[in-house]
Amino acid sequence: MSGPIVLGIESTCDETAASVVQGRTLISNVVASSMDEHARYGGVIPEIASRAHAEAFVPCVSKALADANMTLSDVDAIAVSAGPGLAGCLAVGVSGAKSLAWAANKPIYGINHVIGHIAVTQLQFGPFPEDTLALHVEDVARHIDVVGTTLDDAAGECFDKVARLLGFPYPGGPHIDRHAQLGDPHAIKVPQGLTQGKAGQQHPYDFSFSGVKTAVARWIEEQQAQGNEIPVDDVCASLADSVATVLAKKAMRGCEQYDSKTLIVGGGFSANSQLRAKLLEVGAEHGVEVRVPQLKLCTDNGAMVAMLGVNLVEAGVAPSNPDFAIDSAMPLTKISM
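Just so you know, these numbers come straight off a predicted model, no measurement behind them.

How each quantity is defined
Residues numbered from 1 in each chain as written. Predicted model: local features only at pLDDT ≥ 70, side-chain atom pairs only at ≥ 80, totals over all residues. Heavy atoms only, no water. Core = buried A, V, L, I, M, F, W, Y, C linked by side-chain atoms within 4.5 Å. Buried < 20%, exposed > 50% of the residue type's maximum accessible area, 1.4 Å probe, protein only. Helix = DSSP H or I, 4+ residues; strand = E, 2+ residues; numbered from the N terminus. Contact = heavy atoms within 4.5 Å. Pairing = 2+ DSSP bridges.

### Comments concerning the nonpolar core
- With 42 residues, the main nonpolar core has L239 and L263 as its most contacted residues.
- Of all elements in the fold, only α6 (155-165), α7 (173-180), α9 (210-225), α10 (232-258) and α11 (273-286) reach the threshold of two or more residues within this core.
- For this core, the element with the most residues is α10, which contributes 13 residues.
- L263 has contacts with L133, A251, M252, C255, L279, V288, E289, V290 and R291, leaving out every residue within four places of it along the chain.

### Structural notes on the environment of V75
- Secondary-structure assignment places V75 in the loop between α2 (46-67) and β4 (77-83).
- As a C-alpha pair, V75 and V58 span 17 residues in sequence and 17 Å in three-dimensional space.
- Residue contacts for V75: discarding those within four places in its chain leaves I5, L7, L65 and K106.

### Notes on unusual backbone geometry
- With an omega dihedral of -15°, the bond running from G83 to P84 counts as a cis peptide bond.
- Looking at where P84 falls in the secondary structure, it is placed in the loop between β4 and α3 (87-104).
- In this model, Y170 is joined to P171 through a cis peptide bond whose omega is -5°.
- For P171, the position within the fold is in the loop between α6 and α7.
- In the Ramachandran plot, N69 falls in the positive-phi region, its phi being about 55° despite a non-glycine side chain.

### Section: the pairing of strand β1 (residues 5-10)
- The element β1 is extensively covered by neighbouring structure, given that 6 of its 6 residues are classed as buried.
- Burial along β1 is two-sided: the residues I5, L7 and I9 and V6, G8 and E10 are all buried.
- Bridge count between β1 and strand β2 (residues 15-22): 6 bridges; the pairing is antiparallel. By the bridge assignment, I9 is partnered in β2 with A18.
- A loop of 4 residues connects β1 with β2, the two strands running antiparallel in sequence.
- Relative to β4, β1 runs parallel, the two being bridged by 4 bridges. If you follow I9 over to β4, its bridge partner there is V80.

The structure is reproduced here in structure tokens:
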């Protein structure tokens, strides 16, 4: 193994995570989730999540180093998610990481959590080819363009909201995924936001899922008002197919626009089986290599933070100032603080 050794620390939401990466090799990966504590509330409660991070920080970092058979003195740098995310949660991870960096006299990088989701695929597929599309990556350590974004709900939020209507517990995404595999994806007509007419022309790469959620909610209400039983599997399959189709179509359009032959998929929603299948299908049709991370690297983890830290060290990017601030709304064009 060769390359910089980076300890990555993640605490943006409800996972406390730490990982050691050397070059493109994952040495250790530890994740502690507080999701069960939030389930009864139907969503993440920031105060509960922050307390859970404070309790899990030292055990997670200690185990990550122990699993790697290393101490802090062995790492070349520390990377930590500085945003975007929940402010209280970010504060726990960043303050802890700063303390470690100060005590061990190591450089620290406050990195963009979302870009980490893209960087982590290098552990599985190797370095990025030139002009890779995810956001639009020219140089993951120095230059990323935002090609498209959601104008309202994220896909995962849309799933969680529909799941609540169907009586599924939080988080709803895995339940919808499981039921969708049993249903008919064409049973219900679910709209595809920002794909038609003037709105589609004005927002060729942007997404909108609020209307999708509303349309499904109204359909469910109409069926209930008529005394009909809700075909849960078909609802889930139709929703999943609609969202996956929009994401895949727009991603391929972006690949054509930027002449990208590689598409990187990252983030929690990339664990959705319908999206994974649809992207691989349309990617093959368009001659685009689709890089989808293994499931354990889809949700928040320390490996993605460490991997982006490795990219920054290798590129010679200066470390963050020791007093850098968290940024709960960190823009996607900002790679590190």
